[in-house]
Amino acid sequence: MSREYKAVPVAPGIAIARVLQRRLAGEYIPLLHLEDAEVPGEITRFQKAREQAVSSLEGLMETLAAKMQGEEVGILKANLALLQDPGFGKDVEEEIQKNKINSEVAVQRIVSKYEEVFNSMDNPTLRQRAEDVRDMGNQILASLLERTQESLIAPGEDYILAVDEFLPSQLGHIDTARVKGILMGEGGKYSHGSILARSLGIPCLVGLKGNLGKIDPGTLAILDGDGGKVLVDPGEDEIEEYRVKLEEIREAQTRVFEVRLTSSVTTDGIKIKLEANAESLQEFEGLESGVYDGIGLFRTEFAFMERLQFPSEEEQFQLYKDVLERAQGKRVTFRTLDVGGDKPLPYLRTPPEHNPVLGWRGIRLTLRWPDLFFTQMRALVRASAFGKTSILLPMVTNLQEVETAKGILQVILKDLNEQGIPHGENLGFGVMIEIPSLAMMMDHLKKMVDFVSIGTNDLAQYLFAVDRDNPRVSDLYDPFHPGFLRFLADIAKSGRKWQLPTTICGEISSESSLVPVLIGLGFRRLSMSPVFLPRIKLVIRSLDSGSCQRLARRILNLKTAEEVRATLKKSMEGRSRARRKPG
Ligand code: PEP
Ligand code: MG
C-alpha cells in the first residue's frame, strides 16, 4: 500500500518515476570583522563575484536560448537585471564599508532586506520578486564561496526531482527531457519554480515541507499534479490506474496543441474573446499571434517595480509603444499604476497603514499624486498612435474617481492636439470592477466608460472580507462559493442590460471547470495568463452555450462551494465521455 502526501498542485499532469532528492543542507557562512585597510579589497572581491555571477547567468541564458519560451526568458532577464542593478551593488558596498564585514554576510543582509520588501506585498506576482532576489544572492554567494553548482542530472532514467525550492538558476543543471515531475518543499502557485514548471509542461507540487524528507531517494512515486498528491511506493493497481490517466492526458495535450491557433468559438458559433494578461514585454514575446485576441490586462506597475526611481514620460512612452508594436494590431489594455499600501514602490514613501489592503492603493493613490498620474496617462495617450490602446483604472470605488481621471485625460488630449502631437483615434477608457460598490453602478458607468474589467482576485477578497494571505482565514476565500458566482451573474446581467463590454481578467477565467459557468452567465471576454490560453480554447470549443446556461442556472441554486465543485467535476467528466464516444 502506498503512502500518500497531500500538496498544492501548481502544474498539471501525472508523473510515474523514481524520486531524485536534491535538497540543500544549510550552508555555514562565517562572519568576519575587517581592519580598515582590508575594506577596499573586500569591496573589489564582492564586485568580482558579482561580475562572475552575471557572466554565468548570461552563459546559462545562451545555453538555454533555444529551449526557453517568453515567460522563462522574462524570469532569467529579471534575475540578470537585479544582479546588475547599481542600487543593489551600492547597498552591499555600503554594508561592507559601514560595518567592516565580509562580502558574504553583507550580501546576505541586503538580500534579506530586499526579500522582506517583496514578501510584504499583496500581489502574488510581485511577491515572486523575493525569489529572484534570493536566487541572485545565492548566485553571488556561490561565486564568493567558489561553490560549483551541483548538477541535478541523475544517471540513466527519467525521474521526479525533489527540491526544497526550484530556482531559475537550477534550470541549466537539469535535463528537462528527463525530469518528469517536480516536488517542492516550499513555494506557491505563483513562485518562479512553479511558473517554470508550468511553462516547461512538467507536473509540479509544492508545499510538501517536512514530508519531502520522508521520501527515500530512488523510491518509485506517482506525482498527481491534478489531484494535488504524491503516492510513494505505489501498488500495481495504482500504477495501472495512473497509466490510463497519463494516456488520457497525452491525448488531451495533443488536442490542446492542435487547437491553439484556431478560433475560440463554442459549438453553436458564439465567439469568446480570449486575451492575455501580461506584466512585461518579454512575457508575450514567444506567444504565437493566433493564440490570443489581444492583451486584456497589461499591469504597468512591474515596469515601475524594477527600477530605483519613477520612469520618465519618455521611458514609459517607449515601453508602451514597444508593447503595442509587438501586439501587431491587436488591442492592448494598459492598466494605470496599481501600487501603494501593501504593494509599495521602494522609492515612493507612504505612511504605514493598519489595514493596507483597504488602504491607499491604485487610483486612490495616483489621483493624489497628479504628476505621477498625468505623466503615465500622457505617455499612454502618445503611445496610442502606434496601436489600438485602452486605458484601465485600478481599484476604483466611486464615480467621482472616474470623473477626475477622465478630466485629466481630456486635458491631455486637448494639449496634445494643440501641440500637434499624434495619438490614436480609437482610445478605449475603462475601469476595473474590484470593489463591490462599483459593480452596482453599471448604469452610470455606461455613460462614462467604454468597458469594464472584473478583477476577480481582489473582488473576491473584498466580497468575502478575507485577507487571502492570512492562513487562519484564507480557506474562506473561495471563488467557487455560490454567493460569489451569484454576484458575477448580477454583473453579467447589468453588463448586458447597459451594453457595457465586460471582461473577466482575474484568475478564475483560467479555471477550466468554471469557464462553462462564466459563458453560461453571459461573459464573452476572458483574459488570463498566456500559458492557459490554448487549454481554455480547447474547453470553449467543446461547449454549447445552451448547456452552459443550464449548468450556470443549476450552479447558482447550490448551497456550498463543495457542491459547486462536485457538480462541475461531473459535468466535465460527462463532456469528456461524450468526446470519446465513437461516431
Ligand atoms: C484582480 O484583482 O483580479 C486583478 C486582475 O488585479 P491584480 O491581480 O493585479 O490585483
Ligand atoms: Mg486587483
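Residues numbered from 1 in each chain as written. Chains lettered and ligands numbered in written order. Predicted model: local features only at pLDDT ≥ 70, side-chain atom pairs only at ≥ 80, totals over all residues. Heavy atoms only, no water.

Peer 1: Would you mind going over the coordination of the magnesium ion (ligand 2) in detail, with residue names and values included?
Peer 2: For the magnesium ion (ligand 2), the protein coordination sphere consists of Glu434 (OE) and Asp458 (OD), at 2.0 Å. You can see Glu434 sitting in the loop between β13 (428-433) and α14 (436-439) and its partner Asp458 sitting in helix α16 (residues 456-464), a full 24 residues away along the chain. The exposure classification of Glu434 matches that of Asp458, with both residues buried. (Donors = N, O, S within 2.8 Å, 3.2 Å for Na, K, Ca; no water. Helix = DSSP H or I, 4+ residues; strand = E, 2+ residues; numbered from the N terminus. Buried < 20%, exposed > 50% of the residue type's maximum accessible area, 1.4 Å probe, protein only.)

Peer 1: Please set out the side chain of Ser390 residue by residue, giving values where relevant.
Peer 2: Here Ser390 lies in strand β12 (residues 389-393). Residues contacting Ser390, with those up to four places away along its chain left out, are Arg331, Val332, Thr333, Phe334, Gly428 and Phe451. (Contact = heavy atoms within 4.5 Å.)

Peer 1: Residue-level account of the environment of Val8, with values.
Peer 2: As for its placement among the helices and strands, Val8 is situated in strand β2 (residues 8-11). On a C-alpha basis, the gap between Val8 and Asp85 in space is 34 Å, while along the polypeptide they are 77 residues apart.

Peer 1: Let's hear about the pattern of salt bridges: which residues, and what values?
Peer 2: Scanning the entire structure with this criterion turns up 23 salt bridges. A salt bridge links Glu115 to Arg134; the shortest N-O distance between them is 2.7 Å. Taken as a pair, Glu115 in helix α4 (residues 103-119) and Arg134 in helix α6 (residues 129-144) lie far apart in primary sequence, 19 residues in all. According to the relative accessible area criterion, Arg134 is partly exposed, its value standing at 23%. Three or more residues joined by partner-sharing salt bridges are found here, namely Glu313, Glu314, Arg378, Arg382 and Asp415. (Salt bridge = Lys/Arg side-chain N within 4 Å of Asp/Glu carboxyl O.)

Peer 1: Just give me the short version of the sheet that holds strand β15 (residues 502-504), but keep the residues and values in it.
Peer 2: A barrel is described by the order of its strands in space; here eight strands give the closed sequence β9-β10-β11-β12-β13-β14-β15-β16, paired in parallel fashion. When strand polarity is set aside, the average angle formed by the axes of neighbouring strands in this sheet is 25 degrees. Where strand β9 (residues 273-278) meets strand β16 (residues 525-528), four bridges bridge the pair, whose relative direction is parallel. The residue of β16 that forms the bridge with Leu274 is Leu526. Packed onto the sheet, helix α12 (residues 370-383) meets β11 (331-335), β12 and β13 and runs at close to 160 degrees relative to β12. (Pairing = 2+ DSSP bridges. Axes fitted to C-alpha atoms, helices over the stretch in contact; angles between N-to-C directions.)

Peer 1: Tell me about the site of ligand 1, and name the residues and values.
Peer 2: In the vicinity of ligand 1 there are twelve residues, among which Arg299, Arg335, Gly455, Asn457 and Asp458 approach most closely. Between an oxygen atom of ligand 1 and a side-chain N or O atom of Glu434, the distance comes to 3.1 Å. Asn457 is positioned with one of its backbone polar atoms (N or O) 2.8 Å from an oxygen atom of ligand 1. Protein contacts shield 96% of the accessible area of ligand 1, which totals 290 Å² for the unbound molecule. Within the residue set of the shell around ligand 1, elements represented by two or more residues are β10 (294-299) and α16. Sort the elements by how many residues they give to the shell around ligand 1 and α16 lands first, with three residues. Classifying every residue of the shell around ligand 1 by side-chain character gives three nonpolar, five polar and four charged. (Near = heavy atom within 4 Å. Polar contact = N/O pair within 3.5 Å; in protein donor to acceptor, adjacent residues only side chain to side chain. Areas by Shrake-Rupley, 256 points an atom, 1.4 Å probe, with all protein chains shown as cover. Nonpolar A, V, L, I, M, F, W, Y, C, P; charged D, E, K, R; others polar.)

Peer 1: So what's going on with helix α13 (residues 399-419)? Residues and values would help.
Peer 2: Taking 1.5 Å per residue as the helical rise, α13 with its 21 residues ought to reach 30 Å, and the 30 Å between its terminal C-alpha atoms agrees with that figure. By the burial criterion, the buried members of α13 are Leu399, Glu401, Val402, Ala405, Ile408, Leu409, Ile412, Leu413 and Leu416. Elements in contact with the buried residues of α13: α11 (363-366), α12, β12, β13 and α15 (442-448). Sitting at the head of α13, Asn398 places a side-chain oxygen 3.2 Å from the backbone nitrogen of Gln400. Where α13 ends, the next residue or the one after it, Gly420, has phi of about 70 degrees, a positive value. (Expected span 1.5 Å × (residues − 1).)

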